[in-house]
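# Architecture and fold: a report
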Amino acid sequence: MLQAFRLGDRQATQQLYLQYVSEVRGSLRNQLARVGRLSPENLSDVTQEAFARAFSDRARQRFDASRALGPYLQRIARNALVDWLRRSRRDADSHVSVDDHEPSSEDQLRAYPREMLEATGSYVRALDPVLHGVLRHRFLEGEPQLAAARTLGISRQRIRTLEKRLLDDLRLHLEDA
């Protein structure tokens, strides 16, 4: 079946779509929820984009039919989601007018419950020096990943991994608070 898919057999492609669509859609649903962008339209758009990429001639040819298809589809879906988030952020940024009110940092802080701010502070104070450096350079100073990696003396991939760890751990810390 996987070899037939790789060669572009329509029936194999349809059967594999039906076999994996729920798994991929569920994963994308969780990821969209985690970034606060879950809606039926967004989920449908990203799922469609993921399978369009996965079933393209190029992706099918790159697929190693001796391996499982699920992880390959999940990687393509994750990349489709990242690209979709980037596009939607750029689109949103391009629609902001000069007259739009941008709340000040002080206004934003007042909007958060005191407990959440205290929990965030305790999380940041407990960070090890490397994670604290990633937090400072990437999120507070807004440095690009490559520049932050050079400053901290670590690889760009390590920066990515540590960013994800920071955000996931902070989310869990705030849920527990």
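Look above for the structure.
This write-up is about the structure you can find in this document. Small disclaimer: the values here were computed from a predicted structure and weren't measured.

The subject of this paragraph is the packing of helix H2 (residues 10-34) against helix H3 (residues 40-54). Between H2 and H3, the shortest axis-to-axis distance is 10 Å and the interhelical angle comes to 130°. Compared by their axis directions, H2 and H3 come out oblique. Regarding H2 and H3, the two cross each other, and that crossing is right-handed. Contacts between H2 and H3 involve Tyr17, Tyr20, Val21, Val24, Arg25, Leu28, Arg29 and Leu32 from the former and Asn42, Leu43, Ser44, Val46, Thr47 and Phe51 from the latter. Class assignment of the residues belonging to the contact of H2 with H3 gives a composition of 9 nonpolar, 3 polar and 2 charged.

Quick look at the pattern of salt bridges now. Counting across every chain of the model gives 9 salt bridges. Asp64 is the partner of Arg67 in a salt bridge, and the nearest nitrogen-oxygen pair spans 3.5 Å. One salt bridge connects Asp168 with Lys164, and the closest N-O pair in it is separated by 2.6 Å. Placement of the pair is Asp168 and Lys164 together in helix H10 (residues 156-176), with a separation of 4 residues, close to one helical turn. Given the relative accessible area of 19%, Asp168 is considered buried. Here the salt bridges share partners, and the residues they tie into one network are Glu49, Arg53, Asp83 and Arg86.

With that out of the way, let us pick up H10. For an α-helix, the turn length of 3.6 residues means that residues three or four places apart are oriented alike. Across its 21 residues, H10 extends 30 Å between first and last C-alpha, which sits within 8% of the 30 Å expected from 1.5 Å per residue. Turning to H10, its buried residues are Ile159, Leu162, Glu163, Leu166 and Asp168.

Rules used in this analysis
Residues numbered from 1 in each chain as written. Predicted model: local features only at pLDDT ≥ 70, side-chain atom pairs only at ≥ 80, totals over all residues. Heavy atoms only, no water. Axes fitted to C-alpha atoms, helices over the stretch in contact; angles between N-to-C directions. Helix = DSSP H or I, 4+ residues; strand = E, 2+ residues; numbered from the N terminus. Parallel < 35°, antiparallel > 145°, perpendicular 65-115°, else oblique. Left-handed = near helix turned anticlockwise from the far one by under 90°. Contact = heavy atoms within 4.5 Å. Nonpolar A, V, L, I, M, F, W, Y, C, P; charged D, E, K, R; others polar. Salt bridge = Lys/Arg side-chain N within 4 Å of Asp/Glu carboxyl O. Buried < 20%, exposed > 50% of the residue type's maximum accessible area, 1.4 Å probe, protein only. Expected span 1.5 Å × (residues − 1).

Worth remembering: the numbers are spatial, not functional.
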